[in-house]
Amino acid sequence: MAKGKTDRPAGGGKQGAAFVESLRKKGAERVRIGGFDIDGVLRGKYVSFEKLASLIDSGFGFCDVIFGWDSSDVLYDNTKATGWHTGYPDTLAQADVSTLRSVPWEPGTVFILADFYSAPGKPLPICPRQVLKRVLSMAEERGYSPKFSCEYEFFFFQETPASVREKGYRALTPLSPGMFGYSILRASRSSALVQDILGHLKAFDLEVEGLHTETGPGVFEAAIAYDEALRSADKAALFKTAVKEIAAKHGLMAAFMAKWNENLPGCSGHIHQSLWDAKGSRNLFEARGEGEPVLNELFRHYLGGLRATLPEFLALYAPTINSYKRFVPGTWAPTAAHWGHENRTAALRVITGPSAKAARIECRVTAADINPYLAFAANLAAGLHGIESRIEPGDPLHGNAYEQPETSATSFPRTLKEAVVRLRKSDPAARYLGKEFLDHYCATRDWEVRCFEKAVTNWELER
């Protein structure tokens, strides 16, 4: 598969008819095309081959309401970029043919990602994939080739969309009972599901390096193979939809909530990242020495930027009300902006072995409910900010991060409402992600807060 550049529309040229003919020769019978909204939900449609040919050549209209409603399709009442006041017009969508992949669990079907533009050649500022491409172009201008990967934890339930509603989303039946992390036996008992996930995802150009049970009933963790940052974000975003579709074939539902049960650990969505040279052949994150290696200047400053901006960028890493239920001491989720060498209690885990190629930073703040495009963009923006401002990360954490005293520089906002206040004031966020996007995103999170504040919860009823 070809790798598309990050600075151009991805359709391009009078090539639609030839492209469609090549699909027919490979046995394709139908095509799905779509893109991701603010919450990371894949929005799209099936189109005919005849339509595909024209939209590859000219692009196509896609109602911009997908950026004007929440994950439940309820319209925002506080956004400027789109709304009733604009009439919800079409935005220009371009098929990124470099993302073509077959859908093995739906024989005869291929899938293509779309990007969104406000006009030909002009990226739509509120499109999450375009936000990441904006930051990537800044990295590329500086001679960096960022490489990222994502790993998710997620639960399987023996439920259907109808049954979870009938149960009021409570007393759900997990795939398996008990707390069995890294259980070969539990994974083997679900071997048909496991093999379908591994096999189908590999055929979907989404290779999983490792898949195992985690601590909790019916919970698994998957590590997606690292790649160039845009392709990695595509994979991380598509992974959730793909797993849900594959699970449905087995009569199961997959859940990527940050914290679905107060008595169980939350679901992480950790982000691994490093900067490579412009050719993508050499990892620029170098460390020397044994024990606690000395990080080179680039590594330190990137890390410093990540740490310094964690509190103000948190609404991008923890985008839902539920996200903040995960930040509980002693549950493998960080609660403050610390870093450490191979320390899984810290927000930022520095990994320097077993080879120079593997040197990277793991951001452990993010959960499974992230929009990967926005979380990747924010991580990279923070790192570039650290490099340009020469921010030092401070001393590494030793021991248990949960026992460390918090300061104004390290403490996290405790709610989405507080996090949005911090994000809205962030100069680095506006500079790297774009002011128009930042205004729109903060408005969407304000909406989430208001919806929650007027809700009557089960806790209140039981109380």
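That block above? That's the structure.
Please read these numbers as outputs of a predicted model, since none were measured by experiment. In this numbering scheme, every chain counts its residues from 1 along its sequence in written order. Local features in a predicted model are, by the rule used here, given only for residues with pLDDT of at least 70; side-chain atom pairs are given and counted only at 80 or more, and totals for whole chains, interfaces and linings are based on all residues. The basis for every side-chain value is the complete set of non-hydrogen atoms in the structure, without hydrogens or water.

### What to know about the overall build of the chain
Step number 1: Helices and strands together make up the secondary structure of the chain, namely 13 helices and 17 strands.
Step number 2: Its C-alpha radius of gyration of 22 Å places the chain within 12% of the 23 Å reference for a compact globule of 463 residues.
Step number 3: Buried residues in the chain amount to 57% of all 463 residues.
Step number 4: Here a residue-residue contact requires only that any non-hydrogen atoms of the pair lie within 4.5 Å. Long-range contacts, defined here as pairs at least 24 residues apart, represent 72% of the contacts in the chain between residues at least 6 apart.
Step number 5: Only carbon and sulfur atoms are counted for the fraction: they give 53% of the accessible area of the chain, which is about 20000 Å². A run of H or I in DSSP becomes a helix once it reaches four residues, and a run of E becomes a strand once it reaches two; helices and strands are each numbered from the N terminus. Radius of gyration: C-alpha atoms only; globule rule: 2.2 Å multiplied by the number of residues to the exponent 0.38. Throughout this description, buried means an accessible area under 20% of the type-specific maximum (1.4 Å probe, protein chains only), exposed means over 50%, and partly exposed covers the range between. Under the convention used here, a 1.4 Å probe and the Shrake-Rupley method define accessible areas, while residue burial counts only the protein chains that appear.

### A few points about helix α8 (residues 297-317)
Step number 1: Here α8 is 21 residues long, yet its end C-alpha atoms lie only 26 Å apart, well below the 30 Å a rise of 1.5 Å per residue gives.
Step number 2: To get the bend at any residue, fit one axis to the seven residues that end at it and another to the seven that begin at it, then take the angle between the two axes. Along α8, the sharpest change in direction is near 75° and occurs at Pro 311.
Step number 3: Summarising burial for α8: 18 of the 21 residues are buried, a large majority. Helix span is expected to be 1.5 Å times the residue number reduced by one.

### Looking at the layout of surface pockets
Step number 1: Grid points spaced at 1 Å over the protein atoms alone were grouped into cavities, where a 1.4 Å probe fits but cannot get out, and pockets, open sets with protein on both sides within 12 Å along at least five of seven lines, with lining residues defined by an atom within 4 Å of a point. Grid points are joined across faces, edges and corners, and a volume is the space filled by probe spheres set on the points. In this structure, the second largest pocket occupies an estimated 520 Å³ of space.
Step number 2: In terms of lining residues, the second largest pocket is bounded by 28 residues, among which Glu 153, Tyr 182, Glu 214, Glu 221 and Arg 344 are the most central.
Step number 3: Of all elements in the fold, only β7 (145-157), β8 (208-213), β9 (219-224), β12 (269-276) and β17 (360-363) reach the threshold of two or more residues within the lining of the second largest pocket.
Step number 4: Ranked by residues supplied to the lining of the second largest pocket, first place goes to β9 with 4 residues.

### Let's talk about the pairing of strand β5 (residues 109-119)
Step number 1: Counting buried positions along β5 gives 9 out of 11 residues, so the element sits mostly inside the fold.
Step number 2: For two strands to be treated as a pair, DSSP must find no fewer than two bridges joining them. Looking at chain direction, strand β1 (residues 30-36) and β5 are connected through 5 bridges and run parallel. Counterpart to Ile 33 in the pairing with β5 is Ile 112.
Step number 3: Bridge count for strand β4 (residues 90-102) against β5 is 7 bridges, and the pairing is antiparallel.

### Regarding empty space enclosed by the protein
Step number 1: Following the criterion strictly, the structure yields 4 cavities of 30 Å³ or more and no others.
Step number 2: When its volume is computed, the second largest cavity comes out at roughly 60 Å³.
Step number 3: Along the walls of the second largest cavity sit 14 residues, with Ser 176, Arg 186, Thr 213, Gly 216 and Gly 218 positioned nearest its centre.
Step number 4: Grouping the amino acids of the lining of the second largest cavity by side-chain chemistry returns 6 nonpolar, 6 polar and 2 charged. Gly is put with the polar residues, along with every residue not named as nonpolar or charged; the nonpolar set is Ala, Val, Leu, Ile, Met, Phe, Trp, Tyr, Cys and Pro, and the charged set is Asp, Glu, Lys and Arg.

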